[in-house]
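An overview of the molecular structure
Residue strings, one per chain:
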Amino acid sequence: KKINQVYELDKTLGKGKFGSVVLCRSKSTGEEFACKTLKKGEEIVHREVEIMQHLSGHPGVVTLKAVYEDAESFYLVMELCSEGRLLDQMAREGLYSEQKAAHIIKEVMLAVRYCHEMGVVHRDIKPENILLTTSGQMKLADFGLAVRILDGQRLTGIVGSPAYVAPEVLVGNYSEKVDIWSAGVLLHALLVGVLPFHGDSLDTVFEAIKKDKLDFVGGAWESVSQPARDLLSKMLTRNISTRLTADGVLRHPWISFYTEPSL
Ligand code: ADP
Ligand code: MG
Ligand code: MG
C-alpha cells in the first residue's frame, strides 16, 4: 500500500538535513504519528530504519510504527512527540534548576544505556534530537548517524554536531563513550545556559574541544552544587577510561539525590 492510502499527511513538524518530518493521521483510527521522509539512494537510509527497528522496546526511544516506500523515498511512521524538541524548551526556560536538569539527564541516560546495551552508538545526542511527549516523557530521536558496534569495536567515522562532538571523534578512534560526552555538553548547557566549547569557526570550536579546561568560573556557576560539577567533569573528561558509562551516570549521587529511584 501507498502511505497516503493509509495516512493523511498534515503540517510539517520539523526539517532536517536529509528530509522533513510531517504530522500524519491514520485514516482508519484517527491516531496521530510523525512521518519522516528519507530520499532513497544511500546505504545510510537503510541503517536508520534497521537501527530503529532494532531499538523498538524502550520508553525513552522514539518507536518506529511502520515503514512505507515508493520509487524515491522511504517513509518512517514514528510515534508522535507532540511537545517538540528539548532545544525549544531550553530556549523558553533559560537555566534549569538542578532538579529539572537531573531529571532530563536521567531520562536521556536511561535511553542511552538501552542503546549501548543493544550495541548502538547514537553519535548525535543534542537537544534537537531529544523530543517531548504530552505526558512529559523524553524520547531520543534521529538515529540517522547511529551505528551498531560489536563489543570492544572501535569507530573511525568523523560525524556528529560540532559543539557536541567528543575529542576522540576528531581523532577518529572512538567507542560508545562519545554519547556520554555529548550528554555532558547538554548538562553544561542546562546548568549554566551556555555551551562549554565554542568559537568563531569550526576550527576554533574543535581546538576548544581538544584543549579547553572546565573552569567553573562565571556568574552562573556560583549556584551550581559541587555534586553537579563533579558529574559534569566525569562526563566531559578526555580520559575515556575514567569517563563514566551511562550506568555510571545513572548511579552518580547527584542523579540519585534529585530523582526517584529506578532500575
Ligand atoms: P534529521 O536527521 O534531518 O535531523 P530528525 O529525525 O532529527 O531529522 O527530525 C527533524 C525534526 O523533526 C526534529 O528535530 C523534530 O523537530 C521533528 N521530529 C522528528 N521526529 C519527530 C517525532 N517523532 N515527533 C515529533 N516531531 C518529530
Ligand atoms: Mg536531527
Ligand atoms: Mg538525522
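Let us look at the structure shown here. Quantities reported herein were computed from a predicted structural model and do not represent experimental measurements. (Residues numbered from 1 in each chain as written. Chains lettered and ligands numbered in written order. Predicted model: local features only at pLDDT ≥ 70, side-chain atom pairs only at ≥ 80, totals over all residues. Heavy atoms only, no water.)

**Digging into the site of ligand 1**
How we decide: Proximity is defined per residue: if any heavy atom of the residue lies within 4 Å of a molecule or strand, that residue is considered near it. Pairs of N or O atoms within 3.5 Å make up the polar contacts considered here, provided that, within protein, one atom can donate a hydrogen while the other can accept it, and that residues adjacent in sequence are counted only when both atoms are side-chain atoms. For the area figures, the Shrake-Rupley method with a 1.4 Å probe applies, and any residue is considered shielded solely by the protein chains shown. As a working rule, the residues Ala, Val, Leu, Ile, Met, Phe, Trp, Tyr, Cys and Pro are called nonpolar, Asp, Glu, Lys and Arg charged, and the rest polar, with Gly in that last group.
Neighbouring ligand 1 are 18 residues; G16, K36, E79, C81 and D142 lie closest to it. A distance of 2.7 Å separates an oxygen atom of ligand 1 from a polar side-chain atom of K36. Contact with the protein chains removes 92% of the 550 Å² of surface that ligand 1 exposes when unbound. Considering only residue class, the shell around ligand 1 consists of nine nonpolar, three polar and six charged.

**Details of the coordination of the magnesium ion (ligand 3)**
Quick reminder of the rule: Sites may look incomplete, because water is not among the atoms used; the donor set itself consists of N, O and S atoms within 2.8 Å of the metal (3.2 Å for Na, K and Ca).
Within the first shell, the magnesium ion (ligand 3) binds the protein through D142 (OD) and D142 (OD), at distances of 2.1 to 2.7 Å. The two metals, the magnesium ion (ligand 3) and the magnesium ion (ligand 2), are separated by 4.3 Å and share D142 as a common coordinating residue.

**Some words on the packing of helix 4 (residues 98-117) against helix 6 (residues 178-192)**
Our working rule: Each axis is a line fitted through C-alpha atoms, and for a helix only the stretch in contact is used; angles between axes span 0 to 180 degrees, taken between their N-to-C directions. Think of it this way: any DSSP run of H or I at least four residues long counts as a helix, any run of E at least two long counts as a strand, and we number them from the N terminus. Should an angle fall under 35 degrees it is taken as roughly parallel, and over 145 as roughly antiparallel, whereas 65 to 115 is taken as roughly perpendicular and any remaining angle as oblique. By convention, the crossing between two helices is left-handed when the near helix turns anticlockwise from the far helix through less than a right angle, and right-handed when the turn is clockwise. By the convention used here, residues are in contact when the closest approach between their heavy atoms is within 4.5 Å.
Contact geometry for helix 4 and helix 6: axes closest at 10 Å, N-to-C directions at 165 degrees. Judged on the interaxial angle alone, helix 6 and helix 4 are roughly antiparallel. The way helix 4 lies across helix 6 gives a crossing that is right-handed. Where helix 4 abuts helix 6, its residues E98, A101, I104, I105, V108, M109, V112 and H116 lie against D179, I180, A183, L186, L187, L190 and L191. Each residue belonging to the contact of helix 4 with helix 6 can be placed in one class, and the counts come to twelve nonpolar, one polar and two charged.

**Thoughts on the packing of aromatic side chains**
Selection rule: Classification of ring pairs rests on two measures: the distance between centres of Phe, Tyr or Trp rings, Trp counted by its six-membered ring, which must be within 6.5 Å, and the angle between planes, read as stacked under 30 degrees, edge-to-face over 60 and tilted in between. The classification of residues rests on relative accessible area computed with a 1.4 Å probe and restricted to protein chains. Under 20% of the type maximum is buried, over 50% is exposed, and intermediate values are partly exposed. Any Lys NZ or Arg CZ found within 6 Å of a ring centre and within 35 degrees of that ring's normal is scored as a charge over the ring.
Applying the stated criterion across every chain yields a total of six aromatic pairs. Between Y7 and F33 the ring centres are 5.8 Å apart and the planes differ by 85 degrees, which places this aromatic pair in the edge-to-face class. Here the residue Y7 occupies a position in strand 1 (residues 7-15), and F33 occupies one in strand 3 (residues 32-39), the gap between them amounting to 26 residues. On the numbers, 5.4 Å between centres and 15 degrees between planes, the contact of W181 with F197 is stacked. Of this pair, W181 sits in helix 6 while F197 sits in the loop between helix 6 and helix 7 (202-211); the two residues are 16 residues apart in sequence, bridging distant segments of the chain. Across the pair, F197 and W181 agree in class, each one buried. A connected cluster of aromatic rings, assembled from ring pairs, spans Y7, F33 and Y68. Across from the ring centre of F74, 5.1 Å away, lies the NZ or CZ of K40, which sits over that ring.

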